[in-house]
Amino acid sequence: MAQPTMDRIDARAKVTGAAKYASDHNLPAMVYGHMVTSTIGNGRIVSMDLSAARAAGGVIEIYTPGNRPAFRGTLPPPLAPVFAEARHPLADSEIHYYGQIVAMVVAETIEQARDAAALIKVTYTALPPKSSFEDAKQNPADPPVTGLPLGQPIKKPQDVDIETALAASQVRVEETYDIPPRHHNMMEPHAAVAAWQNGKLTIYSGTQGPAAHALELATVLGVQPADVHVISPYVGGAFGGKAFTWAPALLAAAAALALARPVKVVTSREQLFTVTGHRAASSQTFGLGTHRDGRLNAIKHHTTSQSIVEDPGYRTTPKYYLAPNVDIRLMVTPDMNLPTATIMRAPGDEAGSFALESAMDELAVRLGMDPIELRMKNYLESTLIEAKPYSSKHLDACYRVGAERFGWSRRSTQPAAVTDGDWQVGLGMSTAILDSGRASTTVRVTFRPNGTATVGCATSDAGTGMWTIMAMTGARALEVPVDRIRPALGDSGLPVAGNNDIYGAVGSAATSTVTPAILVAAKEAIGKLVEHATTAAGSPLVGAGDVRYDGGRLVGAGTSVGFGELLTLTRTAEVGAQGTSAPLDESHAYASYAAHFCEVRVNRWTGDPRLGRFTTVVDAGAILNAKTARNQITGGVLFGLAAAMFEEGKVEGATGRISNANLADYLLPVNADTTEIDVHFLDHPDTRLSPTGARGIGELGTVGAAAAFANAVYNATGKRIRTLPITPDKLLA
Amino acid sequence: MEEQSRDDEVSRRGFLLTSAAAAGLTAIAEHPRPAVAATAAGAAGAAVVEVALKVNGKARTLSLDPRVTLLDALRERLDLTGTKKGCDRGQCGACTVHVDGRRVLSCLTLAAGVSGKAVITIEGLADGDRLHPVQRAFVECDGLQCGFCTPGQVMSAVALIEEGYAGSEAEIREHMSGNICRCGAYQQIVQAVRMAKEGA
């Protein structure tokens, strides 16, 4: 079946510069806030000399711990206090991490605010910071109990003695895998333009969940959620970093209220590393024990991380392979003098899949078995712990089709056996599994007299293709050409279904959540339209008995009228309805799958590892727009490969300073680092998940990509690198 | 505020800033020097420079704080917000514009330093409703996701095709590597550059 495909409808605005992101809003009488951050990692502020800054031209106000903006409440539970910074900006004089906000200067212009900020002199009492994860992981603690499943031990059977089970296994692997901190580094740093009028806040602030952002702002500012209007039609990248509310938006809103003028706050790239969240470092030990034929007997997965946010055990291990003895545990290193840990694309899944899929590769080497055969020997048809059947799983076909497309059979089973001039060439593979699901959400569909229909939901499009998916699904549900659909998103005034859907575009679930609700809302709206056609004054179908909706027209009594014409005749501005999708069928488990295949070339003299080829075969249910889905997968794969090749937030242990907090020193892949990634979609619609059959894809490419790279590096060189990123120094050592 | 041309006795701060502008730009001597005005008090930051720019074909005159970068002049003074600030230190390419036909990082360029020059931004590329071929190719090849780096990518792509650096995939990748795309739409960007070049 040919997959539908369409150019993104927001592309024109994005290639012409017309798309307005948060900081692109310039309001009359607007002033600029510039944050000042701490230059120690632990201790307290003794004094602040603001005299030079106050005397500088254009300065209006300087907020400090001694002159705090008004915050009246705390971030609403259960998620935000765990995944975002619960402490208010400028709450007190205590310094918890290097780069913490200690002041914000507000001035008439951006230059005045920035340069006055540089004139502030802060005197600190500094204490040695607890900033080294390498040190802290030696003495981890039990995770806090939060009510969330993260951090809770998982055992099978309940009284498992994993060390005994491992010892009883005929073949064993036990290794530790380390991943440094990573930073989202979306191209658009967090920014907000806030303005108050009559006690109501309008704020332009990029977010993945406009309704959650409005609720969080309202709760902290102490106003009603209905009095906060978040506008965020375009988001310059998010990756989990804009799922929750961070200091720049809070400070902009509070300052705008106090000064009675619109305030723009734009985070600098360096500040972004510390005043917003990041992916915490993790250290994972995997013990795998098998029978001689490759069947797993025992899986031990023990992780240490800064907080429960990144729980690779919970997120990864119960979804991959069958084994009778399982022990999964997370330990944490609390109270570190480091910036806040939050979710980042495939939280837990990315780290967990790197460790598990590396360990499986090591096990395959030890068994002398093909890595795909080992995975098929332990194939999971239902979830490992609850034994809940998977709705639709074609991972076996992903392996088969991927191996064929990639030429897996040409792989040398001996490592370091293939060379091409100065380059050692190796092939590796991995599995990607990502839980899928959906929230029950509400969509509004509205017919208008100009012949268009609006499809609206308070979700978000940070580059995912949601604008286009909503238009395409609306067109399908209303049986009209897609150019007659006007999607609406990125606005907290649009509908959501309540508590289980306020977070918008997170967990790769926006498409699976929103599209079935569009079908329900369209049906409701058509019902209202038919009723209108038979009752409204001016309609040619008043009193007709058997009026039906057909392809944008109302048909009955031997006549027909387009909905635009109908509403024009009845002088009605709009007819529409809200519809809420049915709850998820909990009898099955849902996940998306992919098999990744990677070729790596390592220079034998410099140790430089380069990406050669990459193929991924994806089983993610129905693909609703092949063009944007492909981009999501290729971008997702690159996000995961970046962890393998480049990314590392470098924390100086002695100071807690992130020494590479800029885009020249924190390496991201550039165009010349990459290659064409071959993507193939299997396209088996998951109709048990929803009527549209679409599962999640946004994070899927990221999962497992680093392991495919690392396994290819091993195949190329015979060197097993268990600490990311895989840099030349590690390959030359 | 008394405004008076004081080219001959600028404040120390104004002098340093103008020197910095000159040091950052090699071609400045060929162009009219910005007039520096200072208040009688000579307070730091109170100096303004008169800057004349031709932006997207239109003459614009601005009285600017000499610290204003070309990027902030476009975004905050002229409301041309298509050009993006991704890092503000020349490391990401999101702020790429054309100055006298050359690719320039507008965040590292002081507005006063390009007085008298012609600036083309992303807003000036299309011919009315008719997109530039590179813009069309980015739409068709899906050479973007979030779109925040896209103006810079498009401005770089237009220039590199004109400069003759779009001969092969490897050449395109090398010459587009000053523009970071965190969404990772690089292969779609390469396809777009190739398509635009073949159509050019």
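A quick note: this is a predicted structure, and the numbers were derived from the prediction, not measured.

1. A few points about the overall build of chain A
And step 1. Helices and strands together make up the secondary structure of chain A, namely 19 helices and 27 strands.
And step 2. The C-alpha atoms of chain A give 27 Å as radius of gyration, which agrees with the globular expectation for 733 residues (27 Å, within 12%).
And step 3. Along the longest, intermediate and shortest principal axes, the C-alpha atoms of chain A span 80 × 75 × 55 Å.
And step 4. Counting all 733 residues of chain A, 65% fall into the buried class.
And step 5. Surface summary for chain A: the accessible area is close to 25000 Å², and the carbon and sulfur share equals 51%.
And step 6. For chain A, the separation between the mean place of its 64 positive charges and that of its 70 negative charges on side chains is 2 Å.

2. Examining the domain arrangement of chain B
It is common to give the size of an interface as the accessible area that goes away when the parts come together.
All names here are of chain B.
And step 1. Taken domain by domain, chain B holds domain 1 (12-124) and domain 2 (133-199).
And step 2. The interface of domain 1 with domain 2 comprises 15 residues on the first partner and 15 residues on the second.
And step 3. Between domain 1 and domain 2, roughly 1200 Å² of surface is buried when both sides are summed, and carbon and sulfur atoms account for 58% of that area.
And step 4. Where domain 1 touches domain 2, the interface holds 1 salt bridge.
And step 5. Two residues, E163 and R103, come together in a salt bridge whose shortest N-O distance is 3.2 Å.
And step 6. Along the contact surface separating domain 1 from domain 2 lie 5 residue pairs in polar contact (both at pLDDT 80 or more).
And step 7. The greatest single-element share of the side of domain 1 that touches domain 2, amounting to 3 residues, is contributed by strand β4 (residues 96-99).
And step 8. Counted by class, the side of domain 1 that touches domain 2 contains 5 nonpolar, 7 polar and 3 charged residues.

3. Quick word on the domain arrangement of chain A
Residues and elements named next belong to chain A.
And step 1. Domains assigned within chain A are domain 1 (11-128 + 184-275), domain 2 (282-437 + 587-732) and domain 3 (442-580).
And step 2. Each of domain 1 and domain 2 was reduced to a C-alpha centroid, and the two centroids are 35 Å apart.
And step 3. Taken together, the 22 residues of domain 1 in the interface contact 23 residues of domain 2.
And step 4. Around 1900 Å² of area is buried between domain 1 and domain 2 when both sides are counted, 69% of it from carbon and sulfur atoms.

4. Quick notes on the sheet that holds strand β18 (residues 442-447) of chain A
Residue and element names in this part refer to chain A.
And step 1. The strand order across the open sheet built from 4 strands is β20-β19-β18-β24, with neighbouring strands paired in mixed fashion. In the strand order of this sheet, the two ends are held by β20 (485-488) and β24 (575-580), each with one partner. Pairs of neighbouring strands in the sheet enclose a mean axial angle of 15°, with direction left out of account.
And step 2. The pairing of β18 with β24 spans 6 bridges and is classified as antiparallel. Note that in β24 the partner of V445 across the bridge is A577.
And step 3. Against the sheet, helix α14 (residues 466-478) contacts β18, β19 (453-456) and β20, and its axis sits at roughly 135° relative to β20.
And step 4. Its contacts with the sheet put helix α15 (residues 510-535) on β18, β19 and β24, and the angle it makes with β24 is roughly 145°.

5. Some remarks on the layout of surface pockets
And step 1. Each pocket or cavity is described by its volume, and for the second largest pocket that value is around 840 Å³.
And step 2. Secondary structure elements with two or more residues in the lining of the second largest pocket: β1 (31-37), α4 (110-117), β12 (263-266) and α9 (269-275) of chain A together with α2 (70-77) of chain B.
And step 3. No other element matches β1 of chain A, which puts 6 residues into the lining of the second largest pocket.
And step 4. Across the lining of the second largest pocket, the residue classes tally to 16 nonpolar, 13 polar and 13 charged.

6. A few points about the interface of chain B and chain A
And step 1. Contacts between the two partners involve 52 residues from chain B and, on the opposite side, 64 residues from chain A.
And step 2. Taking both sides of the interface into account, the surface hidden between chain B and chain A amounts to around 4700 Å²; carbon and sulfur atoms contribute 48%.
And step 3. R67 of chain B serves as the salt-bridge partner of D115 of chain A, at 3.0 Å between the closest nitrogen and oxygen.
And step 4. Of all the secondary structure elements, the ones that give two or more residues to the side of chain B that touches chain A are α2, α3 (133-141), α4 (150-162), α5 (169-175) and α6 (186-199) of chain B.
And step 5. The element best represented in the side of chain B that touches chain A is α6 of chain B, accounting for 6 residues.

7. Here's the deal with the pairing of strand β3 (residues 58-64) of chain B
All names here are of chain B.
And step 1. Where strand β2 (residues 48-55) lies against β3, 7 bridges are found, and the strand directions are antiparallel. Among the inter-strand pairings, V49 is bridged to a residue of β3, identified as L64.
And step 2. Connecting β2 to the antiparallel partner β3 that follows it, the hairpin turn spans 2 residues, and N56 within it adopts a positive phi of roughly 50°.

8. Some points on the confidence of the model for chain B
It should be kept in mind that the predicted coordinates are not to be read in detail where pLDDT is low.
All names here are of chain B.
And step 1. Per-residue pLDDT for chain B averages 84, and the proportion of residues at 70 or more is 76%.
And step 2. Below a pLDDT of 50 lies the segment residues 1-34, which in the model reaches 44 contacts outside its immediate sequence neighbourhood of four places, other chains included.
And step 3. Low pLDDT, under 50, characterises residues 37-45; the stretch is placed with 18 contacts to residues that sit more than four places away or in other chains.

9. Some remarks on the sheet that holds strand β8 (residues 171-179) of chain A
Residues and elements named next belong to chain A.
And step 1. Here we have 5 strands laid out as an open sheet, ordered β7-β15-β14-β13-β8, and mixed in their pairing. Since the sheet does not close on itself, it has two edges, and those belong to β7 (154-156) and β8, each with one partner. For this sheet, the mean angle separating the axes of adjacent strands, direction not counted, is 10°.
And step 2. As paired strands, strand β13 (residues 282-290) and strand β14 (residues 296-305) are joined by 9 bridges and run antiparallel to one another. Its bridge partner being in β14, L288 is matched across the sheet by I299.
And step 3. Taken strand by strand, helix α11 (residues 349-367) contacts β8, β13 and β14, and its axis lies near 150° from that of β8.

10. A look at the pattern of salt bridges
And step 1. Taken as a whole and assessed by the stated rule, the structure comprises 50 salt bridges over all chains.
And step 2. Put simply, D7 of chain A and K627 of chain A hold a salt bridge, and the shortest N to O gap is 2.5 Å. Note that D7 of chain A is positioned in the segment before α1 (11-16) and K627 of chain A in helix α17 (residues 626-645), a separation of 620 residues in sequence.
And step 3. The partly exposed category is assigned to D7 of chain A, whose relative accessible area is 30%.
And step 4. Across the salt bridge formed by D293 of chain A and R295 of chain A, the nearest N and O atoms sit 2.8 Å from each other.
And step 5. Here the salt bridges share partners, and the residues they tie into one network are R182, R279, E310, E350 and E647 of chain A together with R182 of chain B.

11. Structural notes on empty space enclosed by the protein
Rolled over the atoms, a probe sized like a water molecule indicates the empty space that remains.
Residue and element names in this part refer to chain A.
And step 1. One pass over the full model with this rule turns up 12 cavities of 30 Å³ or more.
And step 2. Its boundaries defined by the atoms lining it, the largest cavity holds a volume of some 100 Å³.
And step 3. H190, A191, S205, G206 and A249 are the residues nearest the centre of the largest cavity, which is lined by 13 residues in total.
And step 4. Of all the secondary structure elements, the ones that give two or more residues to the lining of the largest cavity are β9 (191-197) and α8 (247-259).

12. Comments concerning the nonpolar core
Nonpolar side chains tend toward joint burial in soluble globular proteins.
All names here are of chain A.
And step 1. By size, the foremost hydrophobic cluster in this structure holds 97 residues, and its most contacted members are V443, F447, L478, L529, Y549 and L554.
And step 2. The dominant element in this core, judged by the number of residues it contributes, is α15, at 11 residues.
And step 3. Not counting chain neighbours up to four residues away, the residues in contact with L554 comprise L529, V530, A533, L541, V547, R548, Y549, T559, S560, V561, F563 and L566.
And step 4. By size, the runner-up hydrophobic cluster in this structure holds 87 residues, among which are A323, F354, V637 and F681.

13. Quick look at the packing of aromatic side chains
We describe a pair of aromatic rings using the distance from one ring centre to the other and the angle between the two ring planes.
And step 1. On inspection of all chains with the given rule, the structure shows 14 aromatic pairs over all chains.
And step 2. Ring centres of Y390 of chain A and Y593 of chain A lie 6.1 Å apart, and the angle between their planes is 85°; on these two criteria the pair is classed as edge-to-face. Linking Y390 of chain A in the loop between α12 (371-377) and α13 (395-406) with Y593 of chain A in strand β25 (residues 591-603), this pair joins segments that are 203 residues apart in sequence.
And step 3. Judged by relative accessible area, which is 0%, Y593 of chain A ranks as buried.
And step 4. In textbook terms, an aromatic cluster arises when at least three aromatic residues are bridged by ring pairs, as seen for Y21, Y234 and W467 of chain A together with F148 of chain B.

Conventions used here
Residues numbered from 1 in each chain as written. Chains lettered and ligands numbered in written order. Predicted model: local features only at pLDDT ≥ 70, side-chain atom pairs only at ≥ 80, totals over all residues. Heavy atoms only, no water. Helix = DSSP H or I, 4+ residues; strand = E, 2+ residues; numbered from the N terminus. Rg over C-alpha atoms; globule rule 2.2 N^0.38 Å. Buried < 20%, exposed > 50% of the residue type's maximum accessible area, 1.4 Å probe, protein only. Areas by Shrake-Rupley, 256 points an atom, 1.4 Å probe, with all protein chains shown as cover. Lys, Arg positive; Asp, Glu negative; His and termini not counted. Charge placed at Lys NZ, Arg CZ, Asp CG, Glu CD. Domains from an automatic or database assignment. Contact = heavy atoms within 4.5 Å. Buried area = accessible area lost by both parts, 1.4 Å probe. Salt bridge = Lys/Arg side-chain N within 4 Å of Asp/Glu carboxyl O. Polar contact = N/O pair within 3.5 Å; in protein donor to acceptor, adjacent residues only side chain to side chain. Nonpolar A, V, L, I, M, F, W, Y, C, P; charged D, E, K, R; others polar. Pairing = 2+ DSSP bridges. Axes fitted to C-alpha atoms, helices over the stretch in contact; angles between N-to-C directions. 1 Å grid on protein atoms, 1.4 Å probe; cavity = no way out; pocket = protein on both sides within 12 Å on 5 of 7 lines; lining within 4 Å. Points joined across faces, edges and corners; volume = space filled by probe spheres on them. pLDDT = per-residue confidence, 0-100. Core = buried A, V, L, I, M, F, W, Y, C linked by side-chain atoms within 4.5 Å. Phe/Tyr/Trp six-rings, centres within 6.5 Å; stacked < 30°, edge-to-face > 60°.

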